[in-house]
Amino acid sequence: MNLAKFPRRGYVKEATPIEYLANFSKALGNKVNVYMKRDDLLPGCAGGNKTRKLDFSIADALSKGADTIITCGAVQSNHCRLTLAWAVHEGLDCHLVLEERVKGSYNPEASGNNFLYHLLGVKSITVVPGGSPMMEEMEKVAEKLRAEGKKPYIIPGGASNHIGALGYVSCAQEIMQQMFEMGLNFDHVVVPSGSAGTHAGMIAGFYGNNMDVPMIGIDVSRPGDVEAAIVHKLAQETLDYIGAGVTLPEEKVVCFGDYYQPGYSIPNDGMVEAVKMLARTEAILLDPVYSGKAMAGMIDLIRKDYFPKGANVLFLHTGGSPALYAYLPTFR
Ligand SMILES: *Cc1c(COP(=O)(O)O)cnc(C)c1O
């Protein structure tokens, strides 16, 4: 699909590596061959998946004459860190609205991404209770800034709309090219599924290009059916925005909601095992909120023989390791 017609800043200069995880595959009995797409190594302060989306979102903001970016996320949001980082790079102001999804979890002194918000010079942080209407809360900040003569642009949570999702359509196309170059066929792809732009963009990119590789989303915040409906809607909107002229069948969107409990950003044993396992077999850092829980899901599926023996399974590593430093007691 032609993405060249959409404005983009060019933050992603080259393909991120696809690596075979020999030690990790062996630790799981060599039942399957696990490969990893290293989007944790994307450019942008400390890397991660939001860079691909912001490449398109910030281009849209600039094309509309914005001088200020407003976005939102949880208290340890990688998306907020990367939006702020790219805003700094572009010479734009950046204001954050943080949702305290876990009551009492906002600590202005916290390490991890919170520390980076301050180091990167955030213009303001507004903390609102969990369940707040985030678009309205961001609109309030925008209203105030407009009164001061600013030109704010709102990027939705996770940059997960049809514009940001283009970044993951492009990732899907990049993977297709790498498969061809490596002479390697993936039988399954596993992705974390949160605000849905990553999963939706990936499925739109594969399906829109007639690449019928089964894709599994591991949910980090919502039950399977709820997340699948959100992913499907955004994937279809993205295909329509590109002008792909295809209808995505509902059954192509598969979400597993069994691995995020007891709740978004709250640690569980599977996540701790997954983070430690990747650190100790491959020296790769996952994160406690997204890639750690998604990896825990994939480990469980491998152990349960969900994938056929000898299958090539690609895991999308979306980054997030700065959040580890806000969870030190969990790993001690
Ligand atoms: C935001 C994020 C995700 C989830 O991506 P969505 O597009 O929000 O579903 C996964 N991993 C990390 C590290 C993230 O920051």
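Residues numbered from 1 in each chain as written. Predicted model: local features only at pLDDT ≥ 70, side-chain atom pairs only at ≥ 80, totals over all residues. Heavy atoms only, no water.

A.B. asks: Would you mind going over the sheet that holds strand S3 (residues 68-74) in detail, with residue names and values included?
C.D. replies: If you trace the four strands from one edge of the open sheet to the other, you get S5-S4-S3-S6, paired in parallel fashion. Each of the sheet's edge strands pairs with one partner strand only, and the pair in question is strand S5 (124-129) and strand S6 (152-155). The sheet shows a mean angle of 25° between the axes of neighbouring strands, taken without regard to direction. In this structure, S3 lies alongside strand S4 (residues 93-100), joined through seven bridges in parallel fashion. Directly across from Ala 74, in S4, lies its bridge partner Glu 99. Across the sheet, helix H3 (residues 78-90) lies against S3, S4 and S6, angled at about 165° from S3, the strand it touches most. (Pairing = 2+ DSSP bridges. Helix = DSSP H or I, 4+ residues; strand = E, 2+ residues; numbered from the N terminus. Axes fitted to C-alpha atoms, helices over the stretch in contact; angles between N-to-C directions. Contact = heavy atoms within 4.5 Å.)

A.B. asks: Pulling in residues and values, what's your account of the site of the ligand?
C.D. replies: Around the ligand lies a shell of 17 residues, among which Lys 50, Lys 53, Ser 195, Thr 198 and Thr 318 are the nearest. Residue Lys 53 places a side-chain N or O atom 2.5 Å away from an oxygen atom belonging to the ligand. A distance of 3.3 Å separates an oxygen atom of the ligand from a polar atom in the backbone of Gly 197. In isolation the ligand offers 380 Å² of accessible surface; the protein chains occlude 98% of this area. Among the secondary structure elements, those contributing two or more residues to the shell around the ligand are helix H2 (50-63), strand S7 (188-193) and helix H7 (197-208). Each residue belonging to the shell around the ligand can be placed in one class, and the counts come to three nonpolar, eleven polar and three charged. (Near = heavy atom within 4 Å. Polar contact = N/O pair within 3.5 Å; in protein donor to acceptor, adjacent residues only side chain to side chain. Areas by Shrake-Rupley, 256 points an atom, 1.4 Å probe, with all protein chains shown as cover. Nonpolar A, V, L, I, M, F, W, Y, C, P; charged D, E, K, R; others polar.)

A.B. asks: Break down the sheet that holds strand S9 (residues 254-256) for me, citing the residues and quoting the values.
C.D. replies: Within a sheet, each strand pairs with its neighbour through backbone hydrogen bonds, oriented either parallel or antiparallel. A sheet is described by the order of its strands in space; here six strands give the open sequence S1-S2-S10-S7-S8-S9, paired in mixed fashion. A single partner strand is all that each edge strand has here, and the edge strands are strand S1 (18-20) and S9. On average, adjacent strands in this sheet sit at an angle of 30° to one another, irrespective of strand direction. Running over the sheet, H7 touches S7, strand S8 (215-219), S9 and strand S10 (312-317) and is turned about 150° from S7.

A.B. asks: Please provide a residue-by-residue account of the pairing of strand S2 (residues 33-38), values included.
C.D. replies: Residues in a regular strand project their side chains so that they alternate between the two faces of the sheet. With five of six residues buried, S2 lies mostly within the body of the structure. In this sheet, S10 lies alongside S2 in parallel orientation, the contact comprising six bridges. Bridge pairing links Arg 38 to His 317 in S10. (Buried < 20%, exposed > 50% of the residue type's maximum accessible area, 1.4 Å probe, protein only.)

A.B. asks: Which residues make up the domain arrangement of the chain, and what values do they have?
C.D. replies: Buried accessible area, meaning the area lost when the parts come together, often serves as the stated size of an interface. Taken domain by domain, the chain comprises domain 1 (18-48 + 163-331) and domain 2 (61-159). The gap between the C-alpha centroids of domain 1 and domain 2 is 25 Å. Sorting the residues of domain 1 by area buried against domain 2 places Cys 45, Tyr 264 and Pro 322 first, and these three jointly supply 35% of that buried surface. At the junction of domain 1 with domain 2, the criterion picks out two residue pairs in polar contact (both at pLDDT 80 or more). (Domains from an automatic or database assignment. Buried area = accessible area lost by both parts, 1.4 Å probe.)

A.B. asks: So what's going on with H7? Residues and values would help.
C.D. replies: The terminal C-alpha atoms of H7, which comprises twelve residues, lie 15 Å apart, in line with the 16 Å expected from a rise of 1.5 Å per residue. After H7 finishes, the residue Asn 210 shows a positive phi value of roughly 60°. (Expected span 1.5 Å × (residues − 1).)

A.B. asks: Explain the side chain of Arg 81 residue by residue, including any values.
C.D. replies: Mapped onto the secondary structure, Arg 81 falls in helix H3. For the buried Arg 81, which has no salt bridge, the nearest side chain bearing the opposite charge is Asp 287, at an N-O separation of 8.3 Å. Those residues in contact with Arg 81, other than ones at most four positions away along the chain, are Cys 45, Ala 46, Gly 47, Asn 113, Leu 116, Tyr 117, Leu 120, Gly 320 and Pro 322. (Lys, Arg positive; Asp, Glu negative; His and termini not counted. Salt bridge = Lys/Arg side-chain N within 4 Å of Asp/Glu carboxyl O.)

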